[in-house]
Amino acid sequence: MTHGRLFIGGRWQAPSDGGSREVENPATEQVIARVAEGGPRDVEHAVAAARVAFPSWSATPVADRVVLLEGWYAELRAVSGQLVATTVAEVGAPVAVAREAHVDLGLAVLRGSLDAAAEVAWEEEVGLSLVLREAAGVAACITPWNYPFYQVLAKLGGALVAGCTVVLKPAELTPLSAYLLVEAAERAGLPAGVLNLVTGAGAVVGEALVTHPDVDVVSFTGSTAVGARITALAAPTVKRVCLELGGKSASVVLDDADLVRAVTSTVEAAMLNSGQTCSAWSRLLVPAPRLAEAEEIAAAVAAGLVLGDPLAESTRLGPVVSAGQRATVAGFVDRAVSAGARIVAGGSAPPRSLGHFHAATVLSDVAPDAEVVREEVFGPVMTIQGHRSDDDAVALANASSYGLHGGVWSADPDRALALARRLRTGQVDLNGAAFNPSAPFGGYGRSGNGRELGRHGIEEFLETKSVQR
Ligand code: NAD
């Protein structure tokens, strides 16, 4: 498969220096595609095309924008099988996970953005003022490799409904679904320059976008370190920077909860997508007297996750995304064990000779300040800690520089909600409640400052103007 061109101003064109990059299937270690490698001159062209398209797209009535975007949604649904196959190939996600957590959820967040167009207060009266919400301008959308289809739609739904024009830079490791997305937008008849695609390196294409004086908004999902760098790089041009960063989320099991259900669900969620989920519950907090029981349940669940060929319907655990990521994950596990952690399930030894697989790993006997408790591993690795009371559980859960997600398990819904109010995180699920593709998603602290999805995700891409009369 070759995607040798970039999409700029409504035309597919070769990158200015003719470069390309290989894409690997992490399960087979085979090169499956070659994609265009953009450079600074391509960013210049793409930003210029987005700038030219902005006046007309932002002045298009929102209802008309939504009609065009409904066409895009329909085109994407029509190729959902191809999107699933591409996600399996480039991420290594098991086909069932690719279908539900990548493609169906991606489509659901786009659906949520389209529906939320009607919820935005595009104009409101505040005393003598008419307050207008207007598109913020040209948006640079920079996305990570873990849920490539979903992450792009979480940004583009909000940006395009808002009336922004976009330059999209997907992750180097997983750029293929972005091509399908842009081809679908082209078929749906999105006007030239509204959506531009420049694939390439973060340090080159990403930084050229972030520093470009004609980019008004940077919407970034990725690591906290890169988010911090982007904030600094965007400061001289006073851009709006919306950050969706890493996490180290806690699942808090209270003493009246159904332990089997809570631990089972937490382990399954922590290992979803091989643990490469920003909101993964990578820290399980259980009542201290029941720690041994929780370990036993967690070990059985982790061992029961079928690891292997992502194309098999029964597979639950695919590889991690790359050899480098596998080495990073294994390093965390080895250092945790050296620091005194006990392996309850899994371990760092490669479970297969081919593919970047890492076993589902559960660690206990971890100190609250251990590296594996504080740092985001971004692999199929979780810790279990005991807590002595609700207050202790809150203190342990909040002892993190991150604040993306959390879970609370209790037989008493009021008690669960009361505890959720005390967690310093942008999302909390009570008793395993389902993900809501229209509710605001984002982090506290070093998990970022943005909110994606639904109405809040549109508002990220809007300016506010007050007209006094
Ligand atoms: P990353 O930060 O390495 O890269 C993310 C994107 O930024 C890529 O497209 C990359 O090319 C680009 N980039 C890298 N350096 C850049 C620079 N200097 N300037 C501009 N762009 C640059 O992250 P990753 O490894 O792809 O993704 C994993 C991280 O993403 C994890 O920390 C995870 O928690 C986080 N994440 C967060 C969310 C969320 O919604 N909060 C969702 C998914 C992933």
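Here is what the cut-offs are and how they apply
Residues numbered from 1 in each chain as written. Predicted model: local features only at pLDDT ≥ 70, side-chain atom pairs only at ≥ 80, totals over all residues. Heavy atoms only, no water. Pairing = 2+ DSSP bridges. Helix = DSSP H or I, 4+ residues; strand = E, 2+ residues; numbered from the N terminus. Contact = heavy atoms within 4.5 Å. Axes fitted to C-alpha atoms, helices over the stretch in contact; angles between N-to-C directions. Domains from an automatic or database assignment. Buried area = accessible area lost by both parts, 1.4 Å probe. Salt bridge = Lys/Arg side-chain N within 4 Å of Asp/Glu carboxyl O. Polar contact = N/O pair within 3.5 Å; in protein donor to acceptor, adjacent residues only side chain to side chain. Nonpolar A, V, L, I, M, F, W, Y, C, P; charged D, E, K, R; others polar. Near = heavy atom within 4 Å. Areas by Shrake-Rupley, 256 points an atom, 1.4 Å probe, with all protein chains shown as cover. Buried < 20%, exposed > 50% of the residue type's maximum accessible area, 1.4 Å probe, protein only. Arc of directions from axis to C-beta. Core = buried A, V, L, I, M, F, W, Y, C linked by side-chain atoms within 4.5 Å. Phe/Tyr/Trp six-rings, centres within 6.5 Å; stacked < 30°, edge-to-face > 60°. Lys NZ or Arg CZ within 6 Å of the ring centre and 35° of its normal. Parallel < 35°, antiparallel > 145°, perpendicular 65-115°, else oblique. Left-handed = near helix turned anticlockwise from the far one by under 90°.

### Remarks on the sheet that holds strand β1 (residues 2-3)
Phase 1: With mixed pairing, 3 strands are arranged side by side in an open sheet as β1-β5-β4. Every interior strand has two partners, whereas the edge strands, β1 and β4 (20-24), have only one.
Phase 2: Note that β4 and strand β5 (residues 31-36) share 5 bridges and pair antiparallel. Within β5, the residue paired with Arg 21 across the bridge is Val 35.
Phase 3: In the packing of helix α6 (residues 176-187) onto the sheet, the strands contacted are β1, β4 and β5, and the crossing angle to β5 comes to about 55 degrees.

### So, the domain arrangement of the protein
Phase 1: In terms of domains, the protein is made up of domain 1 (2-245 + 447-468) and domain 2 (250-436).
Phase 2: Taken together, the 29 residues of domain 1 in the interface contact 30 residues of domain 2.
Phase 3: Between domain 1 and domain 2 lies a buried interface of about 2,300 Å² when both sides are counted; carbon and sulfur atoms form 60% of it.
Phase 4: On the domain 1 side of the interface with domain 2, the three residues burying the most area are Pro 94, Trp 145 and Ser 447, jointly 23% of the side's total.
Phase 5: Here domain 1 is connected to domain 2 by 1 salt bridge.
Phase 6: Remark: the boundary between domain 1 and domain 2 carries 11 residue pairs in polar contact (both at pLDDT 80 or more).
Phase 7: Among the elements of the structure, α3 (80-91) and α4 (95-116) are those that each provide at least two residues to the side of domain 1 that touches domain 2.
Phase 8: Top contributing element to the side of domain 1 that touches domain 2 by residue count: α4, with 7 residues.
Phase 9: Taken together, the residues that form the side of domain 1 that touches domain 2 break down as 17 nonpolar, 7 polar and 5 charged.

### Brief notes about the site of the ligand
Phase 1: In the vicinity of the ligand there are 28 residues, among which Glu 172, Glu 207, Ser 223, Leu 245 and Glu 376 approach most closely.
Phase 2: In this structure, an oxygen atom belonging to the ligand sits 3.3 Å away from a main-chain N or O atom of Gly 222.
Phase 3: Burial of the ligand by the protein chains amounts to 90% of its free accessible area of 840 Å².
Phase 4: Those elements that provide at least two residues to the shell around the ligand are α7 (202-211), β11 (217-221) and α8 (224-234).
Phase 5: Across the shell around the ligand, the residue classes tally to 13 nonpolar, 9 polar and 6 charged.
Phase 6: Inspection of the shell around the ligand shows a minimum of three residues originating in each of domain 1 (2-245 + 447-468) and domain 2 (250-436).

### As for the sheet that holds strand β13 (residues 250-253)
Strands in a sheet are paired, the pairing made by backbone hydrogen bonds, and the direction either parallel or antiparallel.
Phase 1: Reading across the sheet, the 7 strands line up as β15-β16-β17-β14-β13-β18-β19 and stay open at both edges, with mixed pairing between neighbours. The open sheet terminates on both sides in strands that have one partner only, identified here as β15 (342-345) and β19 (429-430).
Phase 2: Pairing of strand β18 (residues 406-409) with β19 involves 2 bridges; the strand directions are parallel. The residue of β19 that forms the bridge with Val 408 is Leu 430.
Phase 3: Packing of helix α9 (residues 259-271) onto the sheet brings it into contact with β13, β14 (283-287), β16 (361-364), β17 (381-387) and β18, and relative to β17 it is tilted by some 150 degrees.

### Some points on the pattern of salt bridges
Phase 1: If you walk through the whole model with that rule in mind, you get 23 salt bridges.
Phase 2: Measuring nitrogen to oxygen at the nearest pair gives 3.7 Å for the salt bridge that ties Lys 169 to Glu 172.
Phase 3: On the basis of relative accessibility, which here comes to 2%, the residue Lys 169 falls in the buried class.
Phase 4: For Glu 172, a relative accessible area of 27% puts it in the partly exposed group.

### Points about helix α13 (residues 390-398)
Phase 1: By the burial criterion, the buried members of α13 are Ala 393, Val 394, Leu 396 and Ala 397. For α13, the arc enclosing every buried residue in end-on projection is 165 degrees, short of the 170-degree limit, so these residues lie on one face.
Phase 2: Packing partners of the buried residues in α13 comprise β13, β14, β17 and α14 (413-421).

### Re the nonpolar core
Phase 1: Core analysis: the biggest nonpolar cluster contains 97 residues, and Trp 72, Leu 76, Leu 156, Leu 160, Val 166 and Leu 168 have the highest contact counts within it.
Phase 2: Contacts of Leu 156, omitting those with residues within four sequence positions, involve Trp 72, Cys 141, Val 161, Val 166, Leu 168 and Leu 195.
Phase 3: Within the second largest apolar cluster, 26 residues are counted, among which are Ala 257, Ala 262, Val 263 and Ala 360.

### Some remarks on the packing of aromatic side chains
Phase 1: As enumerated under the stated definition, the model contains 7 aromatic pairs in all.
Phase 2: Seen in terms of ring centroids, Tyr 147 and Tyr 150 are 6.5 Å apart; in terms of plane orientation they differ by 70 degrees. Their pairing is edge-to-face.
Phase 3: Judged by relative accessible area, which is 6%, Tyr 147 ranks as buried.
Phase 4: Take Tyr 150: its relative accessible area is 8%, and that puts it in the buried class.
Phase 5: Ring pairs connect the aromatic residues Tyr 147, Tyr 150, Phe 435 and Phe 441, which therefore count as one cluster.
Phase 6: One Lys or Arg, Arg 111, reaches over the ring of Tyr 73 and ends 4.9 Å from the middle of that ring.

### Overview of unusual backbone geometry
Phase 1: Phi is positive for Val 238, which is not a glycine, with a value near 50 degrees.
Phase 2: You can see Val 238 is positioned in the loop between α8 and β12 (240-244).
Phase 3: In this structure, Phe 378 is a non-glycine residue whose phi angle is positive, near 60 degrees.
Phase 4: Its place among the elements puts Phe 378 in the loop between α12 (371-374) and β17.
Phase 5: Given the relative accessible area of 17%, Phe 378 is considered buried.

### Structural notes on the packing of helix α2 (residues 62-78) against α6
Phase 1: Running from N to C, α2 and α6 cross one another at 130 degrees; their axes reach a closest spacing of 8 Å. Of the possible angle classes, the one that applies to α2 and α6 is oblique. Once α2 is placed against α6, the crossing between them reads as right-handed. Counted together, Trp 72, Glu 75 and Leu 76 of α2 and Leu 180, Leu 181, Ala 184, Ala 185 and Arg 187 of α6 form the full contact between these two elements.
Phase 2: Residue composition of the contact of α2 with α6, by class: 6 nonpolar, no polar and 2 charged.

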